[in-house]
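Letter by letter, the chains look like this.
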Amino acid sequence: MKHYGLLGFPLKHTMSPPIHQRLFELEGVSDFDYTLKEYSPEELEGKISDVLALDGFNITIPHKVEIIKYIDELADSAKRYNSVNCVARKDGKYIGYNTDCDGFLRSLEAAGARLDGKVLQCGCGGVGRMIAIEAVRHGAELTVSVPEGFEDTVEPVKEYARANGFSDDIKVVHPGEISGKFDLLINASPVGMFPKVENCPVSEDVIKNCGFVFDVIYNPERTKLMQTAESFGIKTCGGMAMLVWQAVVAHEIWSGAKYNDSDIAKLISDMHKLMAEKE
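Residues numbered from 1 in each chain as written. Predicted model: local features only at pLDDT ≥ 70, side-chain atom pairs only at ≥ 80, totals over all residues. Heavy atoms only, no water.

**So, the packing of helix 5 (residues 127–137) against helix 6 (residues 155–163)**
As a packed pair, helix 5 and helix 6 sit with axes 9 Å apart at the nearest point and diverge in direction by 30 degrees. It follows that helix 5 is roughly parallel to helix 6 by the angle criterion. Judged by the twist between their axes, the crossing of helix 5 over helix 6 is right-handed. From helix 5, Arg 129, Ala 132, Ile 133, Val 136 and Arg 137 reach across to helix 6, where they touch Pro 156, Val 157, Tyr 160 and Ala 161. Across the contact of helix 5 with helix 6, the residue classes break down as 7 nonpolar, no polar and 2 charged. (Axes fitted to C-alpha atoms, helices over the stretch in contact; angles between N-to-C directions. Helix = DSSP H or I, 4+ residues; strand = E, 2+ residues; numbered from the N terminus. Parallel < 35°, antiparallel > 145°, perpendicular 65-115°, else oblique. Left-handed = near helix turned anticlockwise from the far one by under 90°. Contact = heavy atoms within 4.5 Å. Nonpolar A, V, L, I, M, F, W, Y, C, P; charged D, E, K, R; others polar.)

As structure tokens, then:
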């Protein structure tokens, strides 16, 4: 029997158990369990032995940085962001990974979108910083839209670019200043998330000038941004794909699992249906 789980706090609305349950089933694995380790920051030190008894585990907020001091090694992805969301126990060592970036990249790939053109990103905090760095790493001509007063959220991305030999020529604008055409529009902000589903991070004129739209939000399934883009015939991808693909990468790390793209596409669709049933 293999033991896996999710560490985080709170975990009331997590979609991880049904996602990983399906991935284990697709892998043909039946002798496993996947449990929730819902520990607050104050509880973590006293409960860490319980977590480290697992064969592998995922980590969500607020423990993605704190977990680092309890593990032995960091993969390159985790070093890049100083953030761990997946741990594997291999040869007696605990190795930390960041599969959020892989989930984002695999989602784009599966949707047929590219990251090496002109990219407009809305928001640059948390997951947005990771996405912006991945855009820089993949050669994007990046414009980041942030509200007035939040310009300094882009500085860590510029610092990463300078330190690693990438271009730090990142244009920073306010939402009302966006102009031009873009190959890819990424919403990395919470604008449009349930329950404020009528909100949209950019205007229709901006959306019309974009070739593809990616929204990190997965509730609702199709945000106002995505619906507007689709009304103009623009292809879109939502955040559930990113959530599922980062879980796929965790299984690849844990056991070398392989999956068919069609099975993952159905899993993404099924998770949207399950989320709708929970509401």
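**Some thoughts on the side chain of Lys 158**
Considering the arrangement of structural elements, one finds Lys 158 in helix 6. Buried within the structure, Lys 158 lacks any salt-bridge partner; its nearest side chain of opposite charge belongs to Glu 155, at an N-O separation of 4.1 Å. Not counting residues within four places of it along the chain, the set of residues in contact with Lys 158 comprises Asp 168, Ile 170 and Val 172. (Buried < 20%, exposed > 50% of the residue type's maximum accessible area, 1.4 Å probe, protein only. Lys, Arg positive; Asp, Glu negative; His and termini not counted. Salt bridge = Lys/Arg side-chain N within 4 Å of Asp/Glu carboxyl O.)

**Digging into the pattern of salt bridges**
Scanning the entire structure with this criterion turns up 15 salt bridges. For Asp 55, the salt bridge identified is with Arg 89, shortest N-O distance 3.0 Å. Separated by 34 residues along the polypeptide, Asp 55 in the loop between helix 2 (41–52) and strand 3 (56–59) and Arg 89 in strand 5 (residues 86–90) bring together distant segments of the chain. One salt bridge in this structure joins Glu 73 and Lys 93, with 3.2 Å as the shortest N-O distance. A residue pair is termed long-range when its members are at least 10 positions apart, and Glu 73 in strand 4 (residues 73–74) and Lys 93 in strand 6 (residues 93–97) qualify at 20 residues. Residue Glu 73 is classed as partly exposed on the basis of its relative accessible area of 34%. Among the residues examined, Lys 93 registers a relative accessible area of 41% and is labelled partly exposed. Connected via shared salt-bridge partners are Arg 22, Lys 266 and Asp 270.

**Section: the layout of surface pockets**
Space inside the largest pocket adds up to approximately 1,500 Å³. Of all the elements, helix 9 (residues 239–255) adds the most residues to the lining of the largest pocket, at 4 residues. Of the residues that constitute the lining of the largest pocket, the class distribution is 20 nonpolar, 14 polar and 6 charged. Thr 236, Cys 237, Gly 238, Ala 241 and Ile 268 are the residues nearest the centre of the second largest pocket, which is lined by 16 residues in total. Those elements that place two or more of their residues in the lining of the second largest pocket are helix 4 (100–111), strand 12 (235–237), helix 9 and helix 10 (261–278). Ranked by residues supplied to the lining of the second largest pocket, first place goes to helix 10 with 4 residues. (1 Å grid on protein atoms, 1.4 Å probe; cavity = no way out; pocket = protein on both sides within 12 Å on 5 of 7 lines; lining within 4 Å. Points joined across faces, edges and corners; volume = space filled by probe spheres on them.)

**Here's the deal with the sheet that holds strand 1 (residues 2–8)**
With respect to topology, 6 strands assemble into an open sheet ordered 2-1-3-5-6-4, the strand pairing being mixed. The open sheet is flanked by strand 2 (32–38) and strand 4, the only strands paired with a single partner. Of the pairings in the sheet, the one linking strand 3 to strand 5 comprises 3 bridges and is antiparallel in character. Looking at strand 5, one finds that Phe 57 is bridged to Val 87. With respect to the sheet, helix 2 is in contact with strand 1, strand 2, strand 3, strand 5 and strand 6, its orientation differing from that of strand 2 by roughly 175 degrees. (Pairing = 2+ DSSP bridges.)

**Regarding the nonpolar core**
Among the nonpolar cores identified, the biggest contains 47 residues, and Phe 104, Phe 214 and Val 244 are the most heavily contacted of them. Top element by residues in this core is helix 9. It accounts for 7 residues. Ignoring anything within four residues of it in the chain, the contact list for Phe 214 reads Phe 104, Ser 107, Leu 108, Leu 184, Leu 185, Ile 186, Asn 187, Cys 237, Gly 238 and Met 242. Counting 17 residues, the second largest nonpolar core, distinct from the first, contains Ile 48, Val 51, Ile 59 and Ile 71. (Core = buried A, V, L, I, M, F, W, Y, C linked by side-chain atoms within 4.5 Å.)

**Side note on the packing of aromatic side chains**
Overall, the coordinates contain 5 aromatic pairs when judged by the stated rule. Their ring planes at 80 degrees and their centres at 5.3 Å tell us that Phe 104 and Phe 214 sit as a pair that is edge-to-face. Of the two residues, Phe 104 sits in helix 4 while Phe 214 sits in strand 11 (residues 212–215), which places them 110 residues apart along the sequence. Look at Phe 104 and you get buried, because its relative accessible area is 0%. Three or more aromatic residues link up through ring pairs in this structure, and these residues are Tyr 4, Phe 24, Phe 32 and Trp 254. Here Lys 118 stacks its cationic end above the ring of Phe 182, 5.7 Å away from the centre of that ring. (Phe/Tyr/Trp six-rings, centres within 6.5 Å; stacked < 30°, edge-to-face > 60°. Lys NZ or Arg CZ within 6 Å of the ring centre and 35° of its normal.)

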